Amino acid sequence: MADDDEDRLLRDTAARIAKAFRPSGTRQLDTDPAPALEALRSAGLVAMRGPGSGTAPEADTAQVAVVVREIARAMVPAPYLDGEIAAERASGRSSEAFALALTAADLAGTARGALDDALEHARVRRQFGRPVGSFQAVAHLAADAAVDLTAADAIAAHAAWGVDHLPPADALAVATAAHALSAEAAIAVCETAIQILGGIGMTWEHLAHMRLRRAHRLAATGTPAASAPLPDLRALDTPPEAAFRAGLVDWIRAAGLPGDPDDRVAWHRTLHAAGYVGVSFPAEAGGRGLPAAYEAVVNDELGAHGMPPVPPIGHLAHALRRFGTPAQRGTHLADLLSGAVAWCQGFSEPDAGSDLAALSTRARRDGDAYRVTGTKIWTSGAVEAERCLLLCRTGEPDGRHHGLSVLLVPMDAPGVRVEPIVTAFETREFAQVFFDDVRVPAADLLGAEGDGWAIAMALLGYERGPADIGWTSRLAAALAETRAQAATDDPRVAERLGHAERWLYALRLRVRDRLRGRSPDADPGPEGSLDKLLLTRVDRLVGRLRLDVLGPDAMTGYLWSRAAGIYGGTEQIQRDIVAQRVLGLPRGR
């Protein structure tokens, strides 16, 4: 059986037993723990020991953590860990990492259980004639809690893995960070759950206050979070990934910094010529046919060496790959990946930003072509672009999501006019684009007429992915620069640096996990909105930290971090998506 299947079976078994013994209220927490422990023992889930165990078959710490998490999630009244953690703490550094990693798992499980209870309540509790979960204020609270939990899950799982696979000092550093972040997240989630539950959450009978008490108690058990630096993520590489990484580093060192880091087109072409743009795309399209996880390797090393990031064209390339005809893929995909032809994306309009379905740019069929009239705004890269992936309306004007189509528009066609927009940090990377009766051949229709909304949603799923837009490397480089220049002997600065580094570490782990799980034939799905919200949070943490530590020289990055909650769909829209399509809350009116 594959490891993933074994882990899934273990989790499902632990969850099934935990659910069976889940207390319905606070009074049941005082029941006899023997039946629950016996059920766990019968399933083989008690004799699972950590480092230094010489009595029972040794389980991976990650497996023990799965059981811990599910028991905590259900608040099973069983002292599953008390003796084990106390014993393991006494026997050395790896055992301290073991204890902290399992405490992080417990915190993540406690938070998950609190959110479970809050979501169940929000789906059925009705006020003003509809479920309270359909109110945006409640939905956004739940979505933010899900972001906290996403980060805690990522770093807690890695800490448990690290106990058995990292050098002891690194394992302890990761476990300490996991405990600190998971404690922060669990307390925030439990507090949010009580807010969603309302009055019932403040009763003695409900488990909400017990979960919050547990989160605070576990938060107080850890060592100070400012410990050794977090290890890099190269330890997660498979042998082929390590060889790929080594080749990339050799190329970076030989190539050196580009002569003009602001010349995005030249950098795009240089990076592609070396084989490091679109590495997960098929070779016939100009890629290397590698798994998606290799994209994270490229981002990591470019950021670590102070190089410009990968050009943010992955979302456009995926749209062409998924929906283009063989002729369109053959004509456009290789040129897009190589940088031979610069592209932009025409979605937002002056009256259709977050409400993308309200767009009014019209494409009228005229024989073997379309006639396009309208305007787009906030179009990144439009000044240099030679093609535009344009979302427009081919159906009825009031058709909303229906009747939208995508055209691949040449930017030098008669009737196209581009007016740059000067940003708050004095760049001209955005523009407003005007289309005045522009003729576009019907052969440049992407997908079928009316497929525009499906294509747009698939494309935005990639655009919201931190790895797909090359953003994690920028944040890693910015944070490393901040640490190098900061007065780290100031405990307040040191704590803020450590806090930002923990959250960035969780984001990068989440990115790696998501890329490893991505199928070439499947889109990222609504979970991409969780990634985007986590990215926004980390970007703003780093941006504000740099401004406070480095002063006015960091203003540009700080302003950019404010834009993180706007581009690719505002954070409010992302919260709606998470609440409805990930957490299953009802839609609002």
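Heads up: these notes are all about the structure in this document. None of these values were measured; they are calculated from a predicted model.

**Observations concerning the overall build of the protein**
- Of the regular secondary structure elements, the protein holds 19 helices and 10 strands.
- Taken over the C-alpha trace, the protein has a radius of gyration of 26 Å; the compact-globule value for 589 residues is 25 Å, and the two agree within 12%.
- Reported as C-alpha extents along the three principal axes, the dimensions of the protein are approximately 80 × 65 × 50 Å.
- Burial analysis of the protein (589 residues in total) assigns 54% to the buried set.
- Looking at the protein alone, contacts between residues at least 24 apart form 73% of all its contacts between residues at least 6 apart.

**Brief notes about the nonpolar core**
- Counting 90 residues, the largest nonpolar core has Ile-155, Leu-475, Leu-507 and Val-538 as its most contacted members.
- Residues Ala-285, Val-297, Val-310 and Leu-336 belong to the second largest nonpolar core, which totals 41 residues.

**Thoughts on the packing of helix α6 (residues 136-165) against helix α19 (residues 571-582)**
- At a closest axis distance of 8 Å, the pairing of α6 and α19 adopts a crossing angle of 85°. When the axis of α6 is compared with that of α19, the two are roughly perpendicular. Along the contact surface, α6 presents Gln-136, Ala-139, His-140, Ala-143, Asp-144 and Ala-146, while α19 presents Gln-572, Arg-575, Asp-576, Val-578 and Ala-579.
- Its residues assigned to classes, the contact of α6 with α19 shows five nonpolar, three polar and three charged.

**Comments concerning the pattern of salt bridges**
- In total, this model carries 37 salt bridges according to the counting rule given.
- Residue Arg-214 is joined to Asp-106 by a salt bridge in which the shortest nitrogen-to-oxygen separation is 2.7 Å. With Arg-214 in helix α8 (residues 208-219) and Asp-106 in helix α5 (residues 93-124), this pair connects stretches of sequence that are 108 residues apart.
- Exposure remark for Arg-214: the relative accessible area of 23% places this residue in the partly exposed category.
- Asp-548 is the partner of Arg-544 in a salt bridge, and the nearest nitrogen-oxygen pair spans 3.0 Å. Separated by four residues within a single helix, Arg-544 and Asp-548 lie in helix α17 (residues 527-550), roughly one turn from each other.

**Quick notes on the packing of aromatic side chains**
- Under the criterion given, the structure shown has five aromatic pairs.
- Ring geometry for Phe-128 versus Phe-135: centroids 6.0 Å apart, planes at 75°, classification edge-to-face.
- Measuring from centroid to centroid gives 6.3 Å for Trp-251 and Trp-267, while their planes differ by 40°, and the two rings are tilted. Of the two residues, Trp-251 sits in helix α9 (residues 239-255) while Trp-267 sits in helix α10 (residues 264-273), which places them 16 residues apart along the sequence. Of the two residues, Trp-251 and Trp-267, both sit in the buried class.
- The lysine or arginine in question, Arg-322, covers the ring of Phe-323, its NZ or CZ lying 5.2 Å from the ring centre.

**Remarks on the environment of Pro-397**
- Relative to the helices and strands, Pro-397 resides in the loop between β6 (387-393) and β7 (404-410).
- Distance in space between the C-alpha atoms of Pro-397 and Tyr-558 is 40 Å, their sequence separation being 161 residues.

**Topic: helix α11 (residues 293-304)**
- Between its terminal C-alpha atoms α11 stretches 17 Å, which fits the 16 Å expected from 12 residues at 1.5 Å a residue.
- Judged by how many residues are buried, α11 sits mostly within the fold: 11 of 12 residues are covered.
- All of the buried residues along α11 are Ala-293, Tyr-294, Glu-295, Ala-296, Val-297, Val-298, Asn-299, Asp-300, Glu-301, Leu-302 and Gly-303.
- Of the residues flanking the end of α11, it is Gly-306, one or two places downstream, whose phi is positive at about 70°.

**Some thoughts on the packing of helix α15 (residues 471-485) against helix α16 (residues 491-516)**
- Direction vectors running N to C along α15 and α16 enclose 160°, while the axes themselves pass 11 Å from each other. As far as their axial angle goes, α16 and α15 are roughly antiparallel. Crossing geometry of α15 relative to α16 is assigned as left-handed. Of the residues in α16, those touching α15 at Thr-472, Leu-475, Ala-476, Leu-479, Thr-482 and Arg-483 are Leu-497, Gly-498, Ala-500, Glu-501, Leu-504, Leu-507, Arg-508 and Val-511.
- Class assignment for the residues of the contact of α15 with α16 results in eight nonpolar, three polar and three charged.

**Observations regarding the side chain of Thr-375**
- By the secondary structure assignment, Thr-375 is in strand β5 (residues 369-376).
- Within the local environment of Thr-375, its side chain forms a polar contact with the side chain of Gln-432, the two groups lying 3.1 Å apart.
- Of note is the side chain of Thr-375, whose polar atom sits 3.0 Å from the backbone oxygen of Val-433.
- When sequence neighbours within four positions are dropped, the list of residues in contact with Thr-375 reads Glu-349, Pro-350, Thr-361, Gln-432, Val-433 and Phe-434.

**Structural notes on unusual backbone geometry**
- A positive phi is found at Phe-128, a non-glycine position, where the angle reads about 55°.
- Structurally, the position occupied by Phe-128 is in the loop between β1 (126-127) and β2 (130-131).
- A positive phi is found at Trp-378, a non-glycine position, where the angle reads about 60°.
- Checked against the element boundaries, Trp-378 lands in the loop between β5 and β6.

**A word on the pairing of β5**
- With five bridges joining them, strand β4 (residues 362-366) and β5 adopt antiparallel strand pairing. Paired with Arg-365 across the two strands is Tyr-370, which belongs to β5.
- Connecting β4 to the antiparallel partner β5 that follows it, the hairpin turn spans two residues, and Gly-367 within it adopts a positive phi of roughly 65°.
- Across seven bridges, the pairing between β5 and strand β9 (residues 430-441) is antiparallel.

Rules used throughout
Residues numbered from 1 in each chain as written. Predicted model: local features only at pLDDT ≥ 70, side-chain atom pairs only at ≥ 80, totals over all residues. Heavy atoms only, no water. Helix = DSSP H or I, 4+ residues; strand = E, 2+ residues; numbered from the N terminus. Rg over C-alpha atoms; globule rule 2.2 N^0.38 Å. Buried < 20%, exposed > 50% of the residue type's maximum accessible area, 1.4 Å probe, protein only. Contact = heavy atoms within 4.5 Å. Core = buried A, V, L, I, M, F, W, Y, C linked by side-chain atoms within 4.5 Å. Axes fitted to C-alpha atoms, helices over the stretch in contact; angles between N-to-C directions. Parallel < 35°, antiparallel > 145°, perpendicular 65-115°, else oblique. Nonpolar A, V, L, I, M, F, W, Y, C, P; charged D, E, K, R; others polar. Salt bridge = Lys/Arg side-chain N within 4 Å of Asp/Glu carboxyl O. Phe/Tyr/Trp six-rings, centres within 6.5 Å; stacked < 30°, edge-to-face > 60°. Lys NZ or Arg CZ within 6 Å of the ring centre and 35° of its normal. Expected span 1.5 Å × (residues − 1). Left-handed = near helix turned anticlockwise from the far one by under 90°. Polar contact = N/O pair within 3.5 Å; in protein donor to acceptor, adjacent residues only side chain to side chain. Pairing = 2+ DSSP bridges.

Just geometry here; none of it tells us what the structure is for.
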